[in-house]
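# Examination of the molecular architecture
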Amino acid sequence: MLSILVQDIEILMKNGTIGAQRMLSTIQLDITGVVQGVGFRPFIYNLAVSLGIRGYVTNTSTGVRIVASGDRKTLKQFKDHIATCPPARAAIDTIEETHYTGNDTFSSFSIQKSKTEKTKFTRISPDLMVCDDCIREMLDPGNRRYYYPYINCTNCGPRYTITGDVPYDRPFTTMARFTMCPACRAEYNNPGDRRFHAQPNACHDCGPHLSLLDSRGEIILSPGTGEEYVSFFLKIAELIKQGYIIAVKGIGGFHLVCDAENEKVVCLLRKRKYREYKPFAVMVKTIAMAESCAFLHEDEKNRLRKGDRAILLLPGKEKSPIAPSVAPSTHIIGIMLPYTPFHFLLFEHLETPLVMTSANISEEPIVHTNGDALSRLQGIADFYITGNREILIRCDDSVTRIWQGKDYFLRRSRGIVPSPLFLHHTFKQNILALGASQKNTICLGKANQAILSHHIGDLDDERTFESFCQAIRHLSHVFDCKPGVIAHDLHPQYVSTRFALDPPSEFLFIKKIKHTGIQHHHAHIVSCMADNNITGKVIGIALDGTGYGPDNTIWGGEILLADEKEYRRIAALSPVPMPGGEAAIRKPWRMALSCLYHVYGENWESHIPAGWKDLNQDEIRLSLYQIKEGINAPLTSSCGRLFDSIAALCGLRFIACYEGQPAIELEQQIDKEYTSSYEFEINAYDDLFLITFHNVINQVLSDVNRGISTGEIAAQFHNGLINILHNACCIAGNKTGIDRVVLSGGCFMNMYLLEGVYMSLVSSGFKVYIHNRIPCNDGGISLGQAVIADHRE
């Protein structure tokens with residue numbers, strides 16, 4: 001009998017009748033990454049049901065948890081499919097499998113209510129451009145969301161800018177006030193629907209709406225149906241065609257919008273916005289429209305199509321339809337494609353490019369509330385388009401360009417933030433790095449991730465400082481990152497430094513936390529090292545406008561021997577006085593005067609270029625007095641200030657209307673036919689090599705007086721700077737044996753300089769590292785601060 005029973009069991013196992021039952025198992029999968037707000041739970045539900053797996057999926061404060069019961073072969077298939085074929089918008093960081101220890105038995109698979117836990121560390125999705133499915137629906141007259149400007153689903157729509165907490169559920173977003181209608185609720189609860197658990201889900205009947213207001217804030221149109229919205233968008237298009245400026249509420253704030261082909265209205269916008277020269281961004285309907293305005297390679301076309309819809313800097317065409325005043329004094333134009341339902345609906349009625357610039361007065365933060373728009377944009381906008389979905393976090397558009405087939409960011413913000421950077425370094429404790437004073441971002445260091453904030457801006461502005469404080473509150477809360485160390489810049493007058501040393505009452509707990517000051521240019525170099533996930537000693541070239549040195553001077557033309565913990569200054573530009581301090585940044589002729597006195601001494605006056613006779617002579621005498629007596633004239637080795645000097649000596653720019661303008665315009669003047677160069681020199685002083693520019697000033701003035709073109713002068717200056725940086729690195733490499741060079745700092749937004757330095761060093765056998773994931777300017781410096789602070793612990 002026993003042998004027959006054993007035989008029967010073997011037969012049953014061979015045909016799988018009881019083998020599968022014996023192999024039944026229940027596992028728990030904890031998944032981290034961008035797995036909330038991207039259709040992940042519906043994806044898991046449908047996959048489990050298709051495989052006959054029982055259990056549940058739920059959002060947690062750290063990601064997504066799955067409990068799955070089935071035979072081991074099917075569970076492996078289930079897990080493998082999750083890892084290799086997740087939803088398009090998802091990004092899985094880790095999948096941790098453990099044996100489920102609960103006593104539950106499951107008869108089906110379900111989506112359970114989200115679980116809030118003590119530990120919170122899930123990745124909030126960036127805001128997502130509207131998807132093709134939603135575009136088709138909103139353009140379909142038979143669809144109930146016809147022309148609905150807030151249409152979204154699990155694959156698209158706002159995320160970061162409306163989220164106040166995790167798990168990513170509607171009650172924790174600014175959509176909490178809108179109760180879904182029965183139709184939307186049915187979609188939300190249907191696992192087979194594209195809007196299953198889409199937190200911002202809404203329609204004409206239950207969701208937010210737009211209104212058109214006149215310049216006094218009086219409502220002109222407030223549509224509520226698809227047909228009414230058609231008339232609404234026709235009206236907006238007509239106003240734009242008529243030459244009006246409209247403030248439009250978007251995902252991360254308001255834009256000021258006008259016809260980019262209308263020179264008169266573009267000039268008017270500049271006048272009202274107090275923005276004389278800084279280029280405006282342009283939104284185009286299609287790639288074909290972009291090609292009518294700028295030159296594009298295939299990789300640039302692909303970058304424009306990318307889901308974050310960043311502004312892409314491109315060389316403009318001479319015979320472009322774009323009005324000249326959109327980007328005066330530069331041949332570079334910033335272009336982006338539509339990314340919100342509003343944009344696509346508006347372009348249904350327009351065939352012209354649109355100026356799409358941040359809604360603010362020059363240098364103020366972007367307006368993001370209806371009330372702020374009506375008060376702060378009064379006198380700028382002719383009309384307002386407001387909406388009653390609140391923006392929790394203001395977020396400017398990201399800005400990038402393509403170099404060597406990769407991103408080279410100028411601003412990392414909307415559509416990308418708060419995606420973390422994964423490092424080959426694990427933070428020993430949580431770090432809060434406060435960044436610089438201009439182009440500010442903050443950075444949280446936690447585990448092996450660095451979470452950089454959206455672009456915050458110039459902290460000297462009160463509203464920007466409020467945004468800075470909000471970013472610290474918000475990111476620290478949603479990422480559950482209570483800092484153990486605060487990192488800040490060494491500059492005692494930076495707002496971020498004062499915040500660390502003397503915080504507002506709300507942040508008094510910071511006084512109890514250890515804080516560490518980080519030298520500005522060391523942070524630049526380490527930010528690029530972390531960007532490239534490299535460690536150990538490097539030669540770092542840090543070129544920018546301003547950075548406080550430990551010798552109480554202003555650095556900015558530095559070559560450092562550095563690693564993640566410490567640095568040594570091995571070479572620098574020869575320092576000169578900066579008469580009037582920051583006034584010399586706004587008036588670059590002051591720096592040129594300082595260079596003249598530095599080179600010629602009391603004989604400086606005989607070398608003044610002819611174009612200087614129109615400058616205020618009293619102000620020249622005052623600046624000269626400051627230089628001679630050292631009164632409010634700090635020494636600076638800044639490369640940015642040297643660019644200012646050359647631009648002023650050429651007569652190109654005496655007054656800077658925005659940060660970096662003289663250097664930008666000098667780069668734009670380069671005539672690439674000229675390969676000759678001016679002659680810098682290197683002189684050794686103890687352990688420091690000083691790069692002097694006496695010959696350069698002589699050569700520039702000689703060429704100016706001989707009537708040599710600004711294009712040739714600009715080329716020779718850039719070529720000379722490239723050569724001397726190359727030579728200095730060769731000297732440093734020979735002395736140290738180090739063959740890795742890191743390039744960082746705002747001057748490397750100059751693409752001629754970047755390419756020249758990069759190629760010359762590579763040709764000499766150096767391994768050269770540049771930024772790719774974060775900006776080279778002060779917008780990336782908080783990452784370097786965080787890494788250095790952790791290595792000091």
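Residues numbered from 1 in each chain as written. Predicted model: local features only at pLDDT ≥ 70, side-chain atom pairs only at ≥ 80, totals over all residues. Heavy atoms only, no water.

Together, Leu622, Tyr625 and Ile631 make up an exposed nonpolar region whose accessible area comes to about 290 Å². One can find Leu622 in helix 18 (residues 617–629). (Patch = residues over 30% accessible without salt bridge, like charges linked within 9 Å, V, L, I, M, F, W, Y side chains within 5 Å. Areas by Shrake-Rupley, 256 points an atom, 1.4 Å probe, with all protein chains shown as cover. Salt bridge = Lys/Arg side-chain N within 4 Å of Asp/Glu carboxyl O. Helix = DSSP H or I, 4+ residues; strand = E, 2+ residues; numbered from the N terminus.)

On average, residues of the protein carry a pLDDT of 93, and 96% of them reach 70 or more. Predicted confidence for residues 1–22 stays below pLDDT 50, and this span has eight contacts to residues more than four positions away or in other chains. (pLDDT = per-residue confidence, 0-100. Contact = heavy atoms within 4.5 Å.)

This part covers helix 15 (residues 520–531). Compared with an ideal rise of 1.5 Å per residue, which puts 12 residues at 16 Å, helix 15 spans 16 Å between its outermost C-alpha atoms and is within 8% of the ideal. Most of helix 15 is tucked away, with 12 of its 12 residues classed as buried. Taken as a whole, helix 15 has its buried residues at His520, His521, His522, Ala523, His524, Ile525, Val526, Ser527, Cys528, Met529, Ala530 and Asp531. The N-capping residue of helix 15, defined by a side-chain oxygen 2.8 Å from the backbone nitrogen of His521, is Gln519. Looking one or two places after helix 15, you find Asn533, whose phi comes out positive at around 55°. (Expected span 1.5 Å × (residues − 1). Buried < 20%, exposed > 50% of the residue type's maximum accessible area, 1.4 Å probe, protein only. Polar contact = N/O pair within 3.5 Å; in protein donor to acceptor, adjacent residues only side chain to side chain.)

Turning next to the sheet that holds strand 5 (residues 109–111). The five strands are arranged 4-1-3-2-5 in an open sheet whose pairing can be described as mixed. Whereas interior strands pair on both sides, the edge strands pair on one side only; in this sheet they are strand 4 (91–99) and strand 5. The sheet shows a mean angle of 20° between the axes of neighbouring strands, taken without regard to direction. The pairing of strand 1 (residues 24–34) with strand 4 spans eight bridges and is antiparallel. Within strand 4, the position partnered with Leu29 by the bridge is Glu97. (Pairing = 2+ DSSP bridges. Axes fitted to C-alpha atoms, helices over the stretch in contact; angles between N-to-C directions.)

Okay, the sheet that holds strand 12 (residues 332–336) next. One open sheet accounts for 11 strands, arranged 7-6-14-8-9-13-10-12-11-15-16; its pairing is mixed. Each having just a single partner strand, strand 7 (219–221) and strand 16 (406–411) make up the two edges of the open sheet. When strand polarity is set aside, the average angle formed by the axes of neighbouring strands in this sheet is 35°. Bridge count between strand 10 (residues 281–283) and strand 13 (residues 354–358): two bridges; the pairing is antiparallel.

We now examine the layout of surface pockets. Its boundaries defined by the atoms lining it, the second largest pocket holds a volume of some 510 Å³. Lining the second largest pocket are 26 residues; nearest its centre among them are Pro126, Lys306, Gly415, Ile416 and Ser419. Among the elements of the structure, strand 16 and strand 17 (421–422) are those that each provide at least two residues to the lining of the second largest pocket. The residue inventory of the lining of the second largest pocket, partitioned by class, reads 12 nonpolar, five polar and nine charged. (1 Å grid on protein atoms, 1.4 Å probe; cavity = no way out; pocket = protein on both sides within 12 Å on 5 of 7 lines; lining within 4 Å. Points joined across faces, edges and corners; volume = space filled by probe spheres on them. Nonpolar A, V, L, I, M, F, W, Y, C, P; charged D, E, K, R; others polar.)

What follows deals with the pattern of salt bridges. Applying the stated criterion across every chain yields a total of 40 salt bridges. Between Asp169 and Arg41 there is a salt bridge; the shortest N-O distance is 3.9 Å. One end of the pair, Asp169, is in the loop between helix 5 (132–138) and helix 6 (182–189); the other, Arg41, is in helix 3 (residues 40–51), with 128 residues separating them in the sequence. When its relative accessible area of 13% is taken as the criterion, Asp169 is described as buried. With a closest N to O distance of 3.9 Å, Lys301 and Glu298 form a salt bridge. Placement of both Lys301 and Glu298 in helix 10 (residues 298–305) is noted, with a separation of three residues, approximately one turn of the helix.

This paragraph deals with the packing of aromatic side chains. Under the counting rule described, the total for this entry stands at 23 aromatic pairs. A centroid spacing of 6.2 Å and a plane angle of 70° characterise the contact between Phe465 and Phe499, whose relative ring orientation is edge-to-face. Of this pair, Phe465 sits in helix 13 (residues 462–478) while Phe499 sits in helix 14 (residues 495–501), and the two are 34 residues apart along the sequence. On the basis of an interplanar angle of 85° and a centroid distance of 5.1 Å, the ring pair of Phe468 and Phe499 is categorised as edge-to-face. One end of the pair, Phe468, is in helix 13; the other, Phe499, is in helix 14, with 31 residues separating them in the sequence. Overall, Phe499 belongs to the buried group, its relative accessible area being 2%. Taken together through their ring pairs, the aromatic side chains of Tyr146, Tyr147, Tyr229, Phe232, Phe233 and Phe342 make up a single cluster. (Phe/Tyr/Trp six-rings, centres within 6.5 Å; stacked < 30°, edge-to-face > 60°.)

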